[in-house]
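Structure assessment
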Amino acid sequence: MSDAVLTLAHLNKRFGALQATSDVSLDLREGEIHALIGPNGAGKSTLIGQIAGGLKPDSGSIALAGREISTLSVAQRARLGLGRSFQVSSLAEPLSVKRNVMIAVQALQGHSFRFWKPVQRDESLLAPAMQALERMALAHRADTPVSELSHGERRQVEVACALALKPRVLLLDEPMAGLGPEGSARLTELLEALKHEVPILLIEHDMNAVFRLADRISVLVAGAVIAHGDGAEIRGNPQVREAYLGD
Amino acid sequence: MTKSDTRILAPQPGLPAPTASWHDRKGLVQIGLLALLLLAPLAAHFLGHVYYVNLASRVTLVAMAAVGLNLAIGYGGMVSFGHAAYFGLGGYVAGISAYHAFDLTPVIGWPVAIPGSDSMLAIWLVAIVVCGLLALAIGAVSLRTTGVYFIMITLAFAQMIYYFANSWPTYGGEDGLPIYLRNTLPIVDTNDALTFFLICFGGLTLSLALTSRIMKSRFGAALTMARLNDTRLATAGIAPYPIRLVAFVISAMITGLAGALYADLNGFVSPTMLSWHMSGELMVIVILGGVGRLYGPLAGAILYVMMETLLGGLTEYWKLFLGLVLLLVVLFAKYGVMGWLAGRERHE
Ligand SMILES: Nc1ncnc2c1ncn2[C@@H]1O[C@H](COP(=O)(O)OP(=O)(O)O)[C@@H](O)[C@H]1O
Ligand SMILES: [Mg+2]
């Protein structure tokens, strides 16, 4: 437990009558991929939202590297090293891929109240952005407007944006959705290489990817964690088979 | 991909930078608009038509005020319906300062005595600072809201200032405040219509250059992202609120400086400059010219003042025609006159 980078304790969130998060406690350790699986509507994205700061939990605590972050804003949490991707990609559509990533590099380098030097020729922004894109095998799309990208490519840009933050933790919400078998296989490889650098909390429906990548798996059903363990344990858990794997 | 690939993306030395240049259409339109604005009053001056020189000054100042508004609306996505507050406040700074300079009474007697001044440089500086502070206060509250609420709250603040000016008798109340002697600059004669026009022209080109430069900087990148997708900006670790607030303040400063010059042009400042009609006029100019286009406010101001002058001379219902033109622009030329003349803006 001592090497946990991210720790959630007794998190609760209601939307009216709906208990979207129900007493969730879990952690993410250095060097691991922790997969969060569960049926649609289980509350996975809601959980990510609470960690990243867009949603406020009703109760419970969230600690990043030992520091309580649940009262901080989205931007403050990002500056402390929370990188995330969205289930429905959230990028600036008219801007080029590289400009979307460069804003993350800019954020990492410090304050944005610089009014004079043009960003377009700023190698200190461009080079790290291109590096992040190369890691996602997307450097050839750097100058393409996001609006011309496929769904899969958008996901990859989001991951590149998160990587450009040099995050301490990555929260990825269904990064493989819409990628197709070939794309998922490639992203699986990329994530596998990545996990030694930055621990990943991974929400994913692609079970091949999950079982291959995850060191630990938590199963979320109706807002609550119903099972927790490594791949073999989860596969063998009758409760999980019934509630989720369903076959 | 290797390092050399990255370098291809940077401009090569010796080649022109891929920005507006002499040979592209947008650059030509921009230079054409500036040339038109500069040459028309020069011609009028040599033909002895002072009226048209002053008309060009009016176009220039209204355009400059709209350049300020465009920074908020077009580049920042903050639809302010209250920019008359800054335009009028700038005007009142010029008027009040001149009034006390004429009267030899202090503007404020306590705790420190601040004398009036007929120096334009001092007036401009004060107008910029005062409008910036007002925008900081109004923006700090208004930017907690978005959409229609933001429009309404900026309007409400501006109306408060309008009613305050209307009911404060010291500076003329609803009758306004005359500036008997135009404020002065060292060396040049500000009473000369052409000289005054050139001062206004300098102000406009400076605000255009400033806007362009800012929007290419890191701050501009953040402001663009705040407009297009503020979730993305926050997720990257940059809080959108302070970025917007600073842009709003700069926007008000530009509009306020234009207002100070406008009062000197007319030799008069009144609550009209603070009214919602004025805010609306500036918005119409921004929309006519092309929202978020650097030269949109200039194109819009030329069109607006031309219609006002030509049609306004024929019929008092000229605003009906203005409405029609606005409708046509919104329906058929979504990107305004600049979009129509220079093509759609492309982001890189
Ligand atoms: N902002 C919201 N307001 C109300 N209900 C919400 C909101 N966001 C999510 N929900 C509901 O919470 C439940 C969990 O949603 P979500 O976290 O998106 O599930 P998952 O990502 O596991 O598919 C769903 O029933 C969804 O309809
Ligand atoms: Mg989801």
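To start, this report covers the structure provided alongside it.

Cut-offs applied
- Residues numbered from 1 in each chain as written.
- Chains lettered and ligands numbered in written order.
- Predicted model: local features only at pLDDT ≥ 70, side-chain atom pairs only at ≥ 80, totals over all residues.
- Heavy atoms only, no water.
- Salt bridge = Lys/Arg side-chain N within 4 Å of Asp/Glu carboxyl O.
- Helix = DSSP H or I, 4+ residues; strand = E, 2+ residues; numbered from the N terminus.
- Buried < 20%, exposed > 50% of the residue type's maximum accessible area, 1.4 Å probe, protein only.
- Patch = residues over 30% accessible without salt bridge, like charges linked within 9 Å, V, L, I, M, F, W, Y side chains within 5 Å.
- Areas by Shrake-Rupley, 256 points an atom, 1.4 Å probe, with all protein chains shown as cover.
- Axes fitted to C-alpha atoms, helices over the stretch in contact; angles between N-to-C directions.
- Parallel < 35°, antiparallel > 145°, perpendicular 65-115°, else oblique.
- Left-handed = near helix turned anticlockwise from the far one by under 90°.
- Contact = heavy atoms within 4.5 Å.
- Near = heavy atom within 4 Å.
- Polar contact = N/O pair within 3.5 Å; in protein donor to acceptor, adjacent residues only side chain to side chain.
- Nonpolar A, V, L, I, M, F, W, Y, C, P; charged D, E, K, R; others polar.
- Phe/Tyr/Trp six-rings, centres within 6.5 Å; stacked < 30°, edge-to-face > 60°.
- Lys NZ or Arg CZ within 6 Å of the ring centre and 35° of its normal.

Comments concerning the pattern of salt bridges
All names here are of chain A. A complete count under the given rule lists 14 salt bridges over all chains for this structure. Across the pair Arg154 and Glu93 runs a salt bridge, and its minimum N-O distance is 2.6 Å. A residue pair is termed long-range when its members are at least 10 positions apart, and Arg154 in helix H5 (residues 151–164) and Glu93 in the loop between strand E6 (82–85) and helix H3 (97–108) qualify at 61 residues. Under the relative-accessibility criterion, Arg154 is labelled buried at 14%. Judged by its relative accessible area of 29%, Glu93 falls in the partly exposed class. With a closest N to O distance of 2.9 Å, Glu197 and Arg135 form a salt bridge. Residue Glu197 is found in the loop between helix H6 (180–194) and strand E8 (200–203), and its partner Arg135 is found in helix H4 (residues 123–135); the two are separated by 62 residues along the sequence. Glu197 gets classed as exposed once you look at its relative accessible area, which sits at 52%.

Considering a nonpolar patch on the surface
A contiguous nonpolar surface patch, about 930 Å² in accessible area, is contributed by Tyr317, Leu320, Phe321, Leu324, Leu327, Leu328, Leu331 and Phe332 of chain B. Structurally, the position occupied by Leu331 of chain B is in helix H13 (residues 318–332).

Quick notes on the packing of H4 of chain A against H5 of chain A
Residue and element names in this part refer to chain A. Relative to each other, H4 and H5 sit at 130 degrees, their axes nearing to 8 Å. By the angle class used here, H4 and H5 are oblique. Crossing of H4 over H5 shows right-handed handedness. Along the contact surface, H4 presents Ala132, Leu133 and Arg135, while H5 presents Ala160, Leu163 and Ala164.

A closer look at the site of ligand 1
Residues and elements named next belong to chain A. For ligand 1, the full set of nearby residues is Phe15, Leu18, Pro39, Asn40, Gly41, Ala42, Gly43, Lys44, Ser45, Thr46 and Gln87. Within the backbone of Ala42, one N or O atom sits 3.2 Å away from an oxygen atom of ligand 1. Bound to the protein, ligand 1 loses 59% of the 560 Å² it would expose on its own. Considering every element that reaches the shell around ligand 1, the biggest residue donor is helix H1 (residues 44–52), with three residues. Taken together, the residues of the shell around ligand 1 sort by class into four nonpolar, six polar and one charged.

Let's talk about the packing of aromatic side chains
For the structure on display, the rule yields 15 aromatic pairs over all chains. On the numbers, 5.9 Å between centres and 35 degrees between planes, the contact of Phe113 of chain A with Phe219 of chain B is tilted. With Phe113 of chain A in the loop between H3 and H4 and Phe219 of chain B in helix H8 (residues 218–228), this residue pair bridges two chains. In this structure Phe219 of chain B comes out as buried when scored by relative accessible area, which is 0%. Plain terms: the ring middles of Phe102 of chain B and Tyr180 of chain B are 5.3 Å apart, the flat faces sit at 40 degrees to each other, and that makes the pair tilted. In this pair, Phe102 of chain B sits in helix H4 (residues 84–103) while Tyr180 of chain B sits in the loop between strand E3 (177–178) and helix H7 (193–216), placing the two residues 78 residues apart along the sequence. Look at Tyr180 of chain B and you get exposed, because its relative accessible area is 60%. Taken together, the ring pairs connect Tyr99, Phe164, Trp168 and Tyr171 of chain B into an aromatic cluster. The ring of Phe86 of chain A carries Arg84 of chain A above its face, with NZ or CZ at 3.8 Å from the centroid. Over the ring of Phe196 of chain B we find Arg182 of chain B; its NZ or CZ atom is 4.0 Å from the centre of that ring.

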